[in-house]
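Coordinates in review
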Amino acid sequence: MIEATALTKRYGTKPAVRNLTFTVHPGRVTGFLGPNGAGKSTTLRMILGLHSPTFGSVTVAGRPFAGRPRGLRHVGALLDAHDVHGGRSARAQLWALARSNRIPRGRVDEVLGEVGLADVAGRRIGGYSLGMKQRLGIASALLGDPPVLLFDEPLNGLDPEGVKWVRELFRRLADEGRTVFVSSHLMSEMEHTADDLIVIGRGELIAAEPLAAFAARGTRGHVTVRSPGAEALAGLLTAAGAAVTSYGERLEITGVTAPEIARIALDHRILLHYLSTENASLERAFMELTADSVEYGARGAGAEPARPVAGPIGGDAPGPTADVTPGPAVAPTPGPAPEDTPGLTLGDAR
Amino acid sequence: MTTSATTATATTATATTATTATPPPPHAAALRTDEPRPRFRDLAAAEWIKIRSLRSLPIAYGTTALAVLAFNLGTAYDTYSHWTARTAADRARFVEDGIPLQHAFNANAALVLMLALGAIGAFAVVGEYSTGTIRTTFAAVPARGPVMAAKAVVLGALTTVYGLLLAAASFAGTQAILGARDAGVGLDHPGALRVLLASALLAPVSALAGFALGALIRHTATTMIATVTVLLFLSIALTDGRYWSALLGHTLPYQAWLRLAEPRYVPPEFGWSQGGAWTVYGVWGAVAAAVAVLAVRRRDQ
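Residues numbered from 1 in each chain as written. Chains lettered and ligands numbered in written order. Predicted model: local features only at pLDDT ≥ 70, side-chain atom pairs only at ≥ 80, totals over all residues.

An unreviewed UniProt entry lists chain B under the name ABC-2 family transporter protein, with Streptomyces indicus given as the organism.

As annotated in an unreviewed UniProt entry, chain A carries the name ABC-2 type transport system ATP-binding protein and comes from Streptomyces indicus. What the UniProt record of chain A gives under Sequence similarities (unreviewed entry) is the line "Belongs to the ABC transporter superfamily." (UniProt positions renumbered as here; feature names shortened; annotations may be inferred.)

Have a look at this one:
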């Protein structure tokens, strides 16, 4: 269990994390999401006591982690796979860590086997690929068999087989009753991994809730149509008050329902190849929410220009039309929202 | 009526008990670990594993040793080969003037040793900062002060042994070469042990100075500049000619070594004692270790 209360960190006058209050529960995989620069790594470092909060506090199992003489049996962490000396072998690296925490040597070979590095354990880490370094980082986190595990962007550099393995590992760790806290800037990575989500943007809490609840926030469903008469149909639908984004023969429509579209097409003898109502994806919910938080942050901070935020997510981002505009006002974050963060009322921020 | 109510209550009670009894999540018991008592020697052992597992360190220590021996043995060989060019009076006073002890460990060798060991000491900590290893280290051991103390102890011990071996090898080698001209001395010669020990301990003192600067500065290049400045430039700039200059100069390890390695010290206007020089060694080592321990306490890592 990880509990953050009004956690705040400023570097100089620049706030990195503001007023974060959340709880990460045992027995679940909790995704920690936010665009690049949202303050995820800062938060993880504060959980580990590497950085001290400017204000507020964070505890692991009810105690500040920094107060523990040895850490590996309490929290296992992968912060950055590059946080190792390239000149050492994986085995030496893990053995030094294990020794400092009085963990028996046999455990080193155990975790090396578990992450699939047993065959290369004697080689210099400098020659490892990013994926292998991630595996080594995960091995370090597992070393002390801890009840709480933190992973910062663990899927970076892993091949599809590795990603599948990591997901299964996280699931197993959570099923064993452990607290598993995984950060990512990609919603798609969390969609099949996390039970709970904690979403931050520009250092502020946007959501802390089960994945399903978060998905339900993406209220903006749309209807996809494929038709040889797409052009004509688009005109008719627009006239009927719908917002239409056109991709050649494919249209993405909001503002009218699928049956209404079918009726209009029938009335005008337009052939439809495909008609489907699409629920808003998690990714879109995430984008809408973080985009809002950036918009608010930029205005709130005065002259500071808005940072492009959704870059890495925008692989299949919708086109340039009104479709991207954030939907109806999203309910303010339940529970942990502190009173003095007006930005949480996302609807007002627009 | 009454009976059924009682039954209902009893059922509820049973249900409640059952619910309270269930909670422990699947493997909760397995997760509760009996943590062994934290020991300082585990931290020292871990640091020793780290040092041993870096191939670059034996190379750094090895090349430094070769350079130091080259300076010392080379100078001794020079004296040996030019021996016949000396006057008879010169040769007669060679041992009496303490020249063999100057050959045992000369100033060039001392400077090379200081700079190399200062850099090695600095790398013991900036190496961890530049690679990010320090975060892995401190996440595994949140007690940062003891980690730095363990590093200082291991570094100090290793460099002391290294310094002793190197000073002993230099002494033996140079005196053997001079001995071929009957100009060598043994360890029982007055001042010989002092020269040997002062040269040997220059290694840990320099390494710890670099280590402390590294812990304070944390950036590789800046740390190197600071180490060279403190160990070398200041020692050369602060001469014995003026009172304040001499006073400040006498707080530096290189000047302490000069004082201790001088076979026949003739005090200038602002002179100092051997005890003072030994104290400088001790204070530098202790203060450096303390600075490194304190440097990591409050700052973000």
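Having seen the structure, we can now continue with the description.
**Topic: helix 8 (residues 133-140) of chain B**
Of all eight residues in helix 8 of chain B, eight are buried; the element is thus mostly enclosed. All buried positions along helix 8 of chain B are accounted for by B:Thr133, B:Ile134, B:Arg135, B:Thr136, B:Thr137, B:Phe138, B:Ala139 and B:Ala140. Along its buried surface, helix 8 of chain B packs onto strand 5 (75-78), helix 2 (90-100) and helix 4 (130-142) of chain A together with helix 7 (107-131) and helix 9 (144-179) of chain B. (Buried ≥ 20, exposed ≤ 12 C-beta atoms within 10 Å, placed from the backbone. Helix = DSSP H or I, 4+ residues; strand = E, 2+ residues; numbered from the N terminus. Contact = placed C-beta atoms within 7 Å.)

**Quick notes on unusual backbone geometry**
Most of the time, phi is negative for any residue but glycine, and the peptide bond is trans. Although it is not a glycine, A:Ala6 adopts a positive phi angle of roughly 50 degrees. Here A:Ala6 shows up in strand 1 (residues 2-11). Despite not being glycine, B:Asp182 has its phi angle at roughly 55 degrees, a positive value. Position of B:Asp182 among the secondary structure elements: in the loop between helix 9 and helix 10 (192-217).

**Brief notes about the interface of chain A and chain B**
Taken together, the contact pairs 40 residues of chain A with 34 residues of chain B. Among the elements that make up the side of chain A that touches chain B, the one with the highest residue count is helix 2 of chain A (six residues). Taken together, the residues of the side of chain A that touches chain B break down into 15 nonpolar, 13 polar and twelve charged. (Nonpolar A, V, L, I, M, F, W, Y, C, P; charged D, E, K, R; others polar.)

**Some thoughts on the nonpolar core**
The nonpolar side chains of a soluble globular protein tend to be buried with one another. In this structure, A:Leu94, A:Ala139, B:Leu208, B:Phe211 and B:Ala292 are the most contacted members of the largest nonpolar core, which totals 155 residues. The element that contributes the greatest number of residues to this core is helix 10 of chain B, accounting for 16 residues. Residue contributions to this core reach at least three from each of two domains, namely domain 1 (2-216) and domain 3 (283-332 + 341-349) of chain A. For B:Ala292, the contacting residues outside a window of four places in its chain are B:Val125, B:Met148, B:Ala152, B:Phe211, B:Ala212 and B:Ala215. Core analysis: the second largest hydrophobic core is formed by eleven residues, A:Val225, A:Leu237, A:Leu251 and A:Ile253 among them. (Core = buried A, V, L, I, M, F, W, Y, C linked by C-beta atoms within 7 Å. Domains from an automatic or database assignment.)

**Brief notes about the UniProt feature "transmembrane region" (unreviewed entry) in chain B**
Residues and elements named next belong to chain B. With numbering aligned to this structure, UniProt lists the feature "transmembrane region" (unreviewed entry) at residues 59-77, 109-131, 152-172, 192-217, 224-244 and 278-296. End-to-end, the C-alpha atoms of residues 59-77 are 26 Å apart, and along that stretch the chain is 100% helix and 0% strand. Annotated as residues 224-244, this span is 76% helix and 0% strand, and its ends, taken at the C-alpha atoms, are 27 Å apart.

**Re the confidence of the model for chain A**
Predicted confidence across chain A gives a mean pLDDT of 82, with 81% of residues reaching 70 or more. Looking across chain A, the model is least confident in helix 11 (residues 346-349) of chain A, with a mean pLDDT of 34, and most confident in helix 2 of chain A, with 97. (pLDDT = per-residue confidence, 0-100.)

**Describing the sheet that holds strand 4 (residues 55-60) of chain A**
Strands pair in a sheet through their backbones, by hydrogen bonds, and they do so in one of two ways: parallel or antiparallel. Residues and elements named next belong to chain A. Read across the sheet, three strands follow the order 2-1-4 without closing on themselves; strand pairing throughout is antiparallel. Both outer strands of the open sheet, strand 2 (14-24) and strand 4, are each paired with one neighbouring strand and no more. The mean inter-strand angle of the sheet, taken between neighbouring strand axes irrespective of direction, is 20 degrees. In this structure, strand 1 lies alongside strand 4, joined through five bridges in antiparallel fashion. The residue bridging Thr 8 from the neighbouring strand is Phe 55, located in strand 4. Packing against the sheet, helix 1 (residues 40-47) makes contact with strand 1, strand 2 and strand 4, and its axis sits at approximately 120 degrees to strand 1. (Pairing = 2+ DSSP bridges. Axes fitted to C-alpha atoms, helices over the stretch in contact; angles between N-to-C directions.)

**Structural notes on the sheet that holds strand 12 (residues 250-254) of chain A**
All names here are of chain A. Spatial ordering of the open sheet is given by 11-12-10-13, a layout of four strands whose pairing is antiparallel. The open sheet has two edge strands, strand 11 (243-247) and strand 13 (274-278), and neither has a second partner. Ignoring strand direction, the axes of neighbouring strands in this sheet form an average angle of 20 degrees. Bridge analysis of strand 10 (residues 222-226) against strand 12 gives four bridges, and the strand direction is antiparallel. Residue pairing for strand 12: Val 225 is matched across the bridge by Leu 251.

**A closer look at the confidence of the model for chain B**
Residues and elements named next belong to chain B. Of all residues in chain B, 89% have pLDDT values of 70 or greater, and the mean over the chain is 88. No element of chain B has a lower mean pLDDT than helix 1 (residues 2-21), which averages 42, and none a higher one than helix 9, which averages 97. Ignoring residues within four places in sequence, the model shows residues 1-31, a span with pLDDT below 50, making 13 contacts including any to other chains. Interface confidence for the predicted complex, given as ipTM, is 0.84, next to a pTM of 0.79.

**Things to note about the packing of helix 2 of chain A against helix 3 (residues 40-52) of chain B**
A pair of packed helices is captured by two measures, namely the crossing angle of their axes and the spacing between those axes. The interhelical angle for the contact between helix 2 of chain A and helix 3 of chain B, taken along N-to-C directions, is 170 degrees, at an axis separation of 7 Å. Relative to helix 3 of chain B, the element helix 2 of chain A lies roughly antiparallel. Residues A:Ala92, A:Trp95, A:Ala96, A:Arg99 and A:Ser100 of helix 2 of chain A touch helix 3 of chain B, and the partners they reach there are B:Asp42, B:Leu43, B:Ala45, B:Ala46, B:Ile49 and B:Lys50. When its residues are assigned to classes, the contact of helix 2 of chain A with helix 3 of chain B shows seven nonpolar, one polar and three charged. (Parallel < 35°, antiparallel > 145°, perpendicular 65-115°, else oblique.)

**Overview of the pairing of strand 10 of chain A**
On a regular strand, each side chain points to the face opposite its neighbour's, so the side chains alternate between the two faces of the sheet. Relative to strand 13 of chain A, strand 10 of chain A runs antiparallel, the two sharing five bridges. Looking across to strand 13 of chain A, one finds that A:Thr224 is bridged to A:Ser276.

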